[in-house]
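One letter stands for each residue in the lines below.
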Amino acid sequence: MTTYQDIVYEKIGPVARLWHNRPEMRNAENTQLLEELNSALAEAEADSEVRVIVLAGKGGHFSAGHDLKEGRALRANFSVEERWAYEDQYYLTYCLNLLNCHKPTIAQVDGACIAGGFMVANMCDLMVASENAFFADPVVHTMAVSAVEVLIHPWVLGSRKAKEMLFTGQRMTAADALAAGMVNRVVPVVELDDAVLGLANQIAQAPAFALKVLKKSINRTYDIMGREQALRAHFDSHMLSHFSEEAKEFKASGKTHSIRRDANGHPINV
Ligand code: ZN
């Protein structure tokens, strides 16, 4: 098995659980972490013993989003071409790899599930959240950019809730996410690990090929409704919004750098 630095690859019977593992950064997704998640996903898909793949986060948060600090340090002066290439690979393509993964996937969400983290978690087939989980995509408000790169929001929330979340930049609680149908189950935080493993093991009992083609059929249902093309179309306009005058002014004013804080006073990156 490959050695990873910013994720943990855990194998429990038929379940592979991939943990974001930068707890001191609220699991902010840097390039290394995204690269490792994508490799670990390929490893889990290729391993015939693995029947179900779980995505989770160490340290009480799923992920506070993309690592903006790294972005400012390494990509602040990227040209359109360079930014396009970066976001196409690390954000759009890696997300689509997860969405189209051949095996069932479950997002195990505790604490912050924000922006880039929201996007990644919502690529999974099912979602189980702790009562402490909260969801948001505030980047219109914090960066003057049109949501994150992969606009999965209306597909998992419906247009009303998706617009409310994106237009206001406000958080959605686990209970609201459950009511909106985005989350399958909400459990007390101490029961989260076991609840996810229980669900994963139940799914793992199903014949693998039947599950694989069933997942393909459900994904195709959404793709026939235009999901993948809609996601790709949004990616293009999202890229444009990075270079709008509005976004440049926002960046120059320093507003982009203002950091939101969670209930415990921890910064929430986007
Ligand atoms: Zn972007």
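Shown above is the structure to which this text applies.
**Topic: a negative patch on the surface**
A surface patch of like charges, here negative, comprises Glu131, Glu191, Asp193 and Asp194. Tracing the backbone shows Asp193 in helix H8 (residues 192–204). Relative accessible area serves as the criterion here: at 33%, Asp193 is assigned to the partly exposed category.

**Here we look at the packing of helix H1 (residues 31–46) against helix H3 (residues 80–99)**
Contact pair H1 / H3: the axes reach a minimum separation of 10 Å and the direction vectors enclose 30 degrees. Taken together, the axes of H1 and H3 are roughly parallel relative to one another. When the axes of H1 and H3 are compared, the crossing they make is left-handed. Where H1 approaches H3, its residues Thr31, Leu34, Glu35, Asn38 and Leu41 are matched on the opposing element by Tyr86, Gln89, Tyr90, Tyr91, Tyr94, Asn97 and Leu98.

**Let's talk about the coordination of the zinc ion**
For the zinc ion, the protein coordination sphere consists of Glu87 (OE), Glu87 (OE), Glu149 (OE), His238 (NE2) and His242 (NE2), at 2.0 to 2.6 Å. Motif for the zinc ion, donor spacing along one chain: E-x61-E-x88-H-x3-H. Remark: His238 occurs in helix H10 (residues 227–242) and Glu87 occurs in helix H3; sequence separation between them is 151 residues. Exposure remark for His238: the relative accessible area of 1% places this residue in the buried category.

**With respect to the sheet that holds strand S8 (residues 172–173)**
Read from one edge of the open sheet, 3 strands run S5-S7-S8, paired in mixed fashion. Two strands bound the open sheet, and with one partner strand each, they are strand S5 (112–114) and S8. Here 2 bridges tie strand S7 (residues 134–136) to S8, and the two strands are oriented antiparallel to one another. Of the residues in S8, the one forming a bridge with Phe135 is Met172.

**Examining the pairing of strand S1 (residues 7–12)**
The pairing of S1 with strand S2 (residues 15–20) spans 6 bridges and is antiparallel. Across the sheet, Ile12 pairs through a bridge with Val15, a residue of S2. Connecting the antiparallel pair S1 and S2 is a turn made up of 2 residues, with Gly13 showing a positive phi of about 55 degrees.

**Some words on the nonpolar core**
Membership of the largest hydrophobic core comes to 62 residues, with the highest contact counts inside it found for Val109, Phe135 and Met182. A total of 9 residues in this core trace back to one element, the largest contributor, which is H3. Within the second largest apolar cluster, 14 residues are counted, among which are Val15, Val128, Leu199 and Ile203.

**Description of the pattern of salt bridges**
Once the charged atoms of two side chains with opposite charge are near each other, the side chains can pair. Applying the stated criterion across every chain, the model contains 11 salt bridges. The shortest N-O distance in the salt bridge between Arg17 and Glu10 comes to 3.0 Å. The exposure class of Arg17 is buried, given its relative accessible area of 3%. Owing to a relative accessible area of 26%, Glu10 belongs among the partly exposed residues under this scheme. For Glu245, the salt bridge goes to Lys248, with nearest N and O atoms at 3.2 Å. Of this pair, Glu245 and Lys248 both sit in helix H11 (residues 245–253), separated by 3 residues, roughly a single helical turn.

**Remarks on a nonpolar patch on the surface**
A grouping of Leu214, Ile218, Tyr222 and Met225 is seen on the molecular surface, where their side chains present a nonpolar patch of about 380 Å² in accessible area. Within the fold, Leu214 resides in helix H9 (residues 208–224).

**As for the sheet that holds strand S3 (residues 52–57)**
Taking strand neighbours across the sheet as the criterion, the 6 strands line up as S1-S2-S3-S4-S6-S9 in an open arrangement whose pairing is mixed. Edge positions in the sheet fall to S1 and strand S9 (185–187), since each of these pairs with one other strand and no more. For this sheet, the mean angle separating the axes of adjacent strands, direction not counted, is 20 degrees. As paired strands, S2 and S3 are joined by 6 bridges and run parallel to one another. Bridging from a neighbouring strand, His20 pairs with Gly57 of S3. Its contacts with the sheet put H8 on S1, S2, S3, strand S4 (105–109), strand S6 (126–130) and S9, and the angle it makes with S4 is roughly 170 degrees.

**Some thoughts on unusual backbone geometry**
If you check the backbone angles, Arg26 has positive phi at about 50 degrees while not being a glycine. Inspection of the secondary structure puts Arg26 in the loop between S2 and H1. When its relative accessible area of 15% is taken as the criterion, Arg26 is described as buried.

So, how was this worked out
Residues numbered from 1 in each chain as written. Predicted model: local features only at pLDDT ≥ 70, side-chain atom pairs only at ≥ 80, totals over all residues. Heavy atoms only, no water. Patch = residues over 30% accessible without salt bridge, like charges linked within 9 Å, V, L, I, M, F, W, Y side chains within 5 Å. Areas by Shrake-Rupley, 256 points an atom, 1.4 Å probe, with all protein chains shown as cover. Salt bridge = Lys/Arg side-chain N within 4 Å of Asp/Glu carboxyl O. Lys, Arg positive; Asp, Glu negative; His and termini not counted. Charge placed at Lys NZ, Arg CZ, Asp CG, Glu CD. Helix = DSSP H or I, 4+ residues; strand = E, 2+ residues; numbered from the N terminus. Buried < 20%, exposed > 50% of the residue type's maximum accessible area, 1.4 Å probe, protein only. Axes fitted to C-alpha atoms, helices over the stretch in contact; angles between N-to-C directions. Parallel < 35°, antiparallel > 145°, perpendicular 65-115°, else oblique. Left-handed = near helix turned anticlockwise from the far one by under 90°. Contact = heavy atoms within 4.5 Å. Donors = N, O, S within 2.8 Å, 3.2 Å for Na, K, Ca; no water. Pairing = 2+ DSSP bridges. Core = buried A, V, L, I, M, F, W, Y, C linked by side-chain atoms within 4.5 Å.

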